[in-house]
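A structural walkthrough
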Amino acid sequence: MDRNLLPAISAFAEVVREGSFSRAAIRLGISPSALSQSIRALEDKLSVRLLNRSTRSLSVTEEGRNLLRNVEPALAVIADAVTKLAAPQDQPAGEVRIDSSHFAAHQFLAPHVGEFSRRYPQIRLEMVLSDTFSDIISEGCDAGIRLREAVRDTMVAIPISPPLSMAVVATPDYFATNPPPENPFDLERHNCIRFRPGLGGIAPWEFTDPVNGDDFAVDPAGSLVSNSDSIMLSAALQGVGMIMHFDLAVQKYLATGGLIRVLEAWCPPFDGFDLYLPTRLQMAPKLRALIDFFGEKRSAVPGTWQPRPARKRS
């Protein structure tokens, strides 16, 4: 069947229900002449007359009655589906798929999923975790959580963390036998625990010269590589070596003295994580609930919040 005929078939059913082109045209929001042309085009396409018309009367042909009898149930199903889609505007419901890195999911989503589920019991959350950046649209996700620098300007982005910085840390015991580095070039003398985000290469350690502001990267050597930031942190806490991680992930260990930070001047702050989605237009209640809830939970993230430049809207 040619699906392009559906609007004309629906218009034909409306004419029959109303018994008048003029009344049907008002309900459909089009002119009587446009409606008449649509029905004539349908008749030409089907090679049958559906309506008998005169200046004073309108009647349905046998072929028209047969068509109407067969399509009315399907039109009712379509109307019911549209009504159900539009109805629950005050009841967020349905599935929401969120693409996120492992760290962001554990830091910003996992601590609050219980409360979110209790507040919105009709929303089903699915978390798609990967440490390599993916396109949320092509991956079939509704929203994503990534560092702001990875989010395209065309996306609607809501900050969910304050500015962050990378922290190079190790245990006091490690530094007791390995003098702390004074600059990133001293890392060649250290055992550095490295991160491999996906199937690609090992992530370099990036720094900014505190004197001239130049950005650069180094590739220190080490005895351990992992694609799990939690395993890397565990190894560092056991004195295996040094790691570079988000300051947010290690600050409680810095506060208790379990880890010591070095090279802080070489690791300036940068914009943190955003919850982002393609557009605000015709936003489903379930996505509005997601944005409002996790935007509200920003206050639970420690750090100094600063205004960010406005993002482009689509």
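Here's what I pulled together on the structure shown here. (Residues numbered from 1 in each chain as written. Predicted model: local features only at pLDDT ≥ 70, side-chain atom pairs only at ≥ 80, totals over all residues. Heavy atoms only, no water.)

Our focus in this paragraph is the sheet that holds strand β7 (residues 166-170). Ordered in space as β12-β7-β13, the three strands form an open sheet in which the pairing is antiparallel. Each of the sheet's edge strands pairs with one partner strand only, and the pair in question is β12 (243-246) and β13 (260-262). Between one strand axis and the next, the sheet turns through 50° on average, direction left out of account. Note: β7 against β13, three bridges, orientation antiparallel. Paired with A170 across the two strands is I260, which belongs to β13. (Pairing = 2+ DSSP bridges. Helix = DSSP H or I, 4+ residues; strand = E, 2+ residues; numbered from the N terminus. Axes fitted to C-alpha atoms, helices over the stretch in contact; angles between N-to-C directions.)

Here the focus is the environment of W205. On the secondary structure map, W205 appears in strand β9 (residues 205-208). Relative accessible area serves as the criterion here: at 3%, W205 is assigned to the buried category. Taking C-alpha positions, W205 is 65 Å from R27, a pair spaced 178 residues apart along the chain. Setting aside anything within four residues of it in sequence, one finds W205 in contact with V168, L187, C192, I193, R194, F216, A217, V218, P220, M242, I243 and M244. (Buried < 20%, exposed > 50% of the residue type's maximum accessible area, 1.4 Å probe, protein only. Contact = heavy atoms within 4.5 Å.)

What follows concerns the pairing of strand β6 (residues 156-159). Here β6 shows two buried faces, one formed by V156 and I158 and the other by A157 and P159. With four bridges joining them, β6 and strand β14 (residues 273-277) adopt antiparallel strand pairing. Bridge pairing in β14 links A157 to Y276.

Okay, the pairing of β14 next. Burial runs high along β14: five of the five residues are buried. Every second residue of β14 is oriented toward a common face, with F273, L275 and L277 on one face and D274 and Y276 on the other, all of them buried. Where strand β5 (residues 143-147) lies against β14, four bridges are found, and the strand directions are antiparallel. Counted as the bridge partner of L147 is F273 from β14.

As for its placement among the helices and strands, S100 is situated in strand β3 (residues 94-100). Taking relative accessible area as the criterion, S100 reaches 0% and is therefore assigned buried. What S100 contacts, discounting residues up to four positions off in sequence, is A105, V128, L129, S130, I145 and R146.

All we've got here are geometric facts, nothing functional implied.
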